[in-house]
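Spelled out from the first residue to the last, the chains are:
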Amino acid sequence: MPSWTIHLVNARDQLGPHAELIRQACAEAESHMAAVAPPMALDIVVSGGRPEGGSLLVSGHCYEPGVIGLRIDLSPTHAGENLRWELLKSLFHEAHHALRWEGPGYGSTLGGALVSEGLAQRFVHEMMDCPPEPFEVAVPVSTCEAYRPHALARFDDADYDHEGWFFGAAAIPNWLGYTLGKRMVDRFLAAHPQMTALRLAHADAAVFRQTLVSPF
């Protein structure tokens, strides 16, 4: 039966104080995922260091099928229940990406990336009762509206600036893509209450284009 395999980047024992908690959080997330989705064989690679975004305790990525990477802040104050909670949120977010890799993939266009990130974060809220993450409310509605026509025009653009749209560049605010993607998915699900982020894991990104047609 497929299972999650944990790999700690820990040759110098930098993860030592947190190793058992990391394993427990991964086991907990895997158990919850098994209750709602088909089992997946996943490698979970965990390292210490500064997470992406700076203010996050845990960041993650899923760049290919079957592999999730997590990076955690090893500051002494970031331990115990707080770390477990942040690990679970990141694991669920990246697990949705992993589900999507089993279908259409993350997406090579701006629209695909916006949809994948919006769905993944919406899935976190389906699995956990937690407040919004900083990156999903990073900019106000007015800013999302200002960029909405640009996102619609470049929805199928494979030559988009991923770093700029998601981590800020020049005039583009940090985390705009995450906030805009989440708003798109929220709008879609409000119009289709019978659907969930889990059920939409393999949906074509084009289905969500309509969410950018009218003002927010």
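Residues numbered from 1 in each chain as written. Predicted model: local features only at pLDDT ≥ 70, side-chain atom pairs only at ≥ 80, totals over all residues. Heavy atoms only, no water.

For the pair helix 3 (residues 110-127) and helix 6 (residues 176-191), the least separation of the axes is 7 Å and the interaxial angle reads 70 degrees. Taken as axis vectors, helix 3 and helix 6 run roughly perpendicular relative to one another. Judged by the twist between their axes, the crossing of helix 3 over helix 6 is right-handed. Contacts from Leu114, Val115, Glu117, Gly118, Leu119, Gln121, Arg122 and His125 in helix 3 reach Gly177, Tyr178, Leu180, Gly181, Lys182, Met184, Val185, Asp186 and Leu189 in helix 6. Grouping the amino acids of the contact of helix 3 with helix 6 by side-chain chemistry returns 8 nonpolar, 5 polar and 4 charged. (Axes fitted to C-alpha atoms, helices over the stretch in contact; angles between N-to-C directions. Helix = DSSP H or I, 4+ residues; strand = E, 2+ residues; numbered from the N terminus. Parallel < 35°, antiparallel > 145°, perpendicular 65-115°, else oblique. Left-handed = near helix turned anticlockwise from the far one by under 90°. Contact = heavy atoms within 4.5 Å. Nonpolar A, V, L, I, M, F, W, Y, C, P; charged D, E, K, R; others polar.)

All right, on to the side chain of Thr109 then. Here Thr109 shows up in the loop between helix 2 (80-101) and helix 3. A residue is classified by how much of its surface remains accessible, and Thr109, at 18% relative accessible area, is buried. In terms of polar contacts, Thr109 uses its side chain to reach the backbone amide nitrogen of Gly112, at 3.0 Å. Here the side chain of Thr109 touches Phe155 through a polar contact of 3.5 Å, landing on its backbone oxygen. Not counting residues within four places of it along the chain, the set of residues in contact with Thr109 comprises Phe155, Asp156, Asp157, Ala158 and Tyr160. (Buried < 20%, exposed > 50% of the residue type's maximum accessible area, 1.4 Å probe, protein only. Polar contact = N/O pair within 3.5 Å; in protein donor to acceptor, adjacent residues only side chain to side chain.)

For the rest of this paragraph, the subject is the pairing of strand 4 (residues 67-72). Pairing geometry for strand 2 (residues 42-48) and strand 4, over 6 bridges, is parallel. In the strand pairing of strand 4, Ile44 is matched with Ile68. By the bridge criterion, 5 bridges tie strand 3 (residues 58-64) to strand 4 in an arrangement that is antiparallel. What sits directly across from Glu64, in strand 4, is Val67. (Pairing = 2+ DSSP bridges.)

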